[in-house]
Amino acid sequence: MNETPNMSYIHQLSGGEKEFEKRLIEILKREFPLEKETYENNFQNSEYELCAENVHKLKHKISILGLEQSYAFAIKYEDDLKTGSTRLSTEFDEILEVMNQFIIKL
Amino acid sequence: MNCIIIDDEEMARAIIAQMCHTNPDLTVLEEFPNAIQAMKYLNQNEVDLIFLDIHMPDFTGFDFIQTLKNPPRIILTTSDPQFAIEAFEYECIVDYLVKPVTQPRFLKAIAKAQNFVVKGESEVTKSQSAESGQSENYLYVNIDRRLIKINFDSIYLIEAKGDYILIKTENKNYTVHSTLKKIAEKLPTSVFLKIHRSYIINIHRIVDIEDNSVLIAKDVIPISRANRPVLMQRLNLL
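Bear in mind the structure is a predicted one, so any value in this text is a computation, not a measurement.

Colleague: Looking at this structure, I do not really get helix α2 (residues 18-44) of chain A. What am I missing?
Modeller: When the terminal C-alpha atoms of α2 of chain A are compared, their 39 Å separation across 27 residues agrees well with the 39 Å that a helix rising 1.5 Å per residue should span. All of the buried residues in α2 of chain A are Leu24, Leu28, Phe32 and Tyr39 of chain A. The inward-facing, buried residues of α2 of chain A abut α1 (8-14), α3 (48-64) and α5 (89-104) of chain A together with α1 (10-21) of chain B. Once α2 of chain A ends, the next one or two residues include serine 46 of chain A, with phi positive near 60°.

Colleague: Please clarify how the nonpolar core should be interpreted in this entry.
Modeller: Generally speaking, a soluble globular protein has its nonpolar side chains buried in company with each other. Residues and elements named next belong to chain B. Ranked by internal contacts, the top residues of the largest apolar core, which has 75 residues, are Cys3, Ile6 and Ile201. Take this core: its biggest share by element is seven residues, from α1. Excluding its chain neighbours within four sequence positions, the residues that come into contact with isoleucine 6 are Phe32, Ala35, Ala38, Ile50, Phe51, Leu52 and Asp53.

Colleague: Sorry if this is basic, but what is going on with unusual backbone geometry here?
Modeller: Excluding glycine, residues mostly carry a negative phi; peptide bonds, for their part, are mostly trans. Residue and element names in this part refer to chain B. The amide bond that connects lysine 99 to the next residue, proline 100, takes the cis arrangement and shows omega of 0°. Within the element layout of this structure, proline 100 appears in the loop between β5 (93-98) and α5 (103-115). Although it is not a glycine, aspartate 211 sits at a positive phi angle of roughly 45°. Tracing the chain through its elements places aspartate 211 in the loop between β13 (206-210) and β14 (213-216). Its identity as a non-glycine residue notwithstanding, alanine 217 has a phi of 55°, on the positive side. Following the sequence through the fold, alanine 217 ends up in the loop between β14 and β15 (219-222). Of the residues examined, alanine 217 has 15 C-beta atoms within 10 Å and is grouped as partly exposed.

Colleague: Hey, could you run me through the interface of chain A and chain B in this one?
Modeller: Note: interface size is frequently given as the accessible area lost on complex formation between the parts. In this complex, chain A contributes 15 residues to the contact, which on the side of chain B involves 12 residues. Listing elements by their share of the side of chain A that touches chain B, those giving two or more residues are α1, α2 and α3 of chain A. Looking at which element gives the most residues to the side of chain A that touches chain B, the answer is α3 of chain A, with seven residues. Tallied by class, the residues present in the side of chain A that touches chain B amount to seven nonpolar, three polar and five charged.

Colleague: Teacher, can you tell me more about the sheet that holds β14 of chain B here?
Modeller: Either a parallel or an antiparallel arrangement is found when strands of a sheet pair, and the pairing is made through backbone hydrogen bonds. All names here are of chain B. Taking strand neighbours across the sheet as the criterion, the three strands line up as β13-β14-β15 in an open arrangement whose pairing is antiparallel. Looking at which strands have only one partner, the edges of the open sheet turn out to be β13 and β15. Strand-to-strand twist across the sheet, computed as the mean angle between neighbouring axes with direction ignored, equals 25°. As judged from the four bridges shared by β14 and β15, these two strands associate in the antiparallel manner. Within β15, the residue paired with valine 214 across the bridge is isoleucine 221.

Criteria and cut-off values
- Residues numbered from 1 in each chain as written.
- Chains lettered and ligands numbered in written order.
- Predicted model: local features only at pLDDT ≥ 70, side-chain atom pairs only at ≥ 80, totals over all residues.
- Helix = DSSP H or I, 4+ residues; strand = E, 2+ residues; numbered from the N terminus.
- Expected span 1.5 Å × (residues − 1).
- Buried ≥ 20, exposed ≤ 12 C-beta atoms within 10 Å, placed from the backbone.
- Contact = placed C-beta atoms within 7 Å.
- Core = buried A, V, L, I, M, F, W, Y, C linked by C-beta atoms within 7 Å.
- Nonpolar A, V, L, I, M, F, W, Y, C, P; charged D, E, K, R; others polar.
- Pairing = 2+ DSSP bridges.
- Axes fitted to C-alpha atoms, helices over the stretch in contact; angles between N-to-C directions.

What follows is the structure, encoded as structure tokens:
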């Protein structure tokens, strides 16, 4: 996936209100690692239906960070997981890692 | 409108709450990370509107709706557009917002909610309107112990002034001890529209609209961002 996370949506939403941006970033830093960890644990335990739910939840943060292609990819991956298929997992892990690196630096 | 937000994702709640805070017609009473907590709250409190996530662990948004005896207006929020068809099987559902929610789409949903009548509520409104004289073309106001009749079609503007409202008509202005909310209940909704937290206008008396203000008789009245979409929908626009 050749795209970089960005803060456009958050900037647009805040209308320049720095306090609100700061709050959203704090939530992102707190909530994303937990969602990622839950997904990874469920994946390790082969709980793919639960993984699909985790991906569903993560999709919102993927879209908040402006990752349009990754969002479309996550939709496919979520559908796959519901049928027990993990063929897209490596690329999805890469998306999570890109997001993780971006969020750490915020 | 008083509202609550139900979503297991804190980020999603924060975003909806922020959008509500920028809208003077909305007051967020509470936020809940799950439907169970919201159900307890609703047993003791009344709300006008619920922002409800569909996809929550244990208890989905649809499960939650089915537990409500008299559901208020509900705007669904979800990352999954595929539930849209199921959503409209519920009469209390006003709109369906796909995440990430944008401000224009949010405002459109609020405008829908403001015009939306939940089944059962319409009968109450009808009977109340008959009792209140809304089926007539006038209302009475109490000024200095005198009941003064004012025809609806003579009113072009009503302005909130602290504990009073100023009713402006073609010939005379009346200052009455009341609120915009109370008088709005007496006015025909087909003619009058709240365009700002301090103003209700007679839409038939608009002279022109420019950016975020409306000229009505000789008064220039601001239009709040949240109410502008509703006003535009009501205009007979060429």
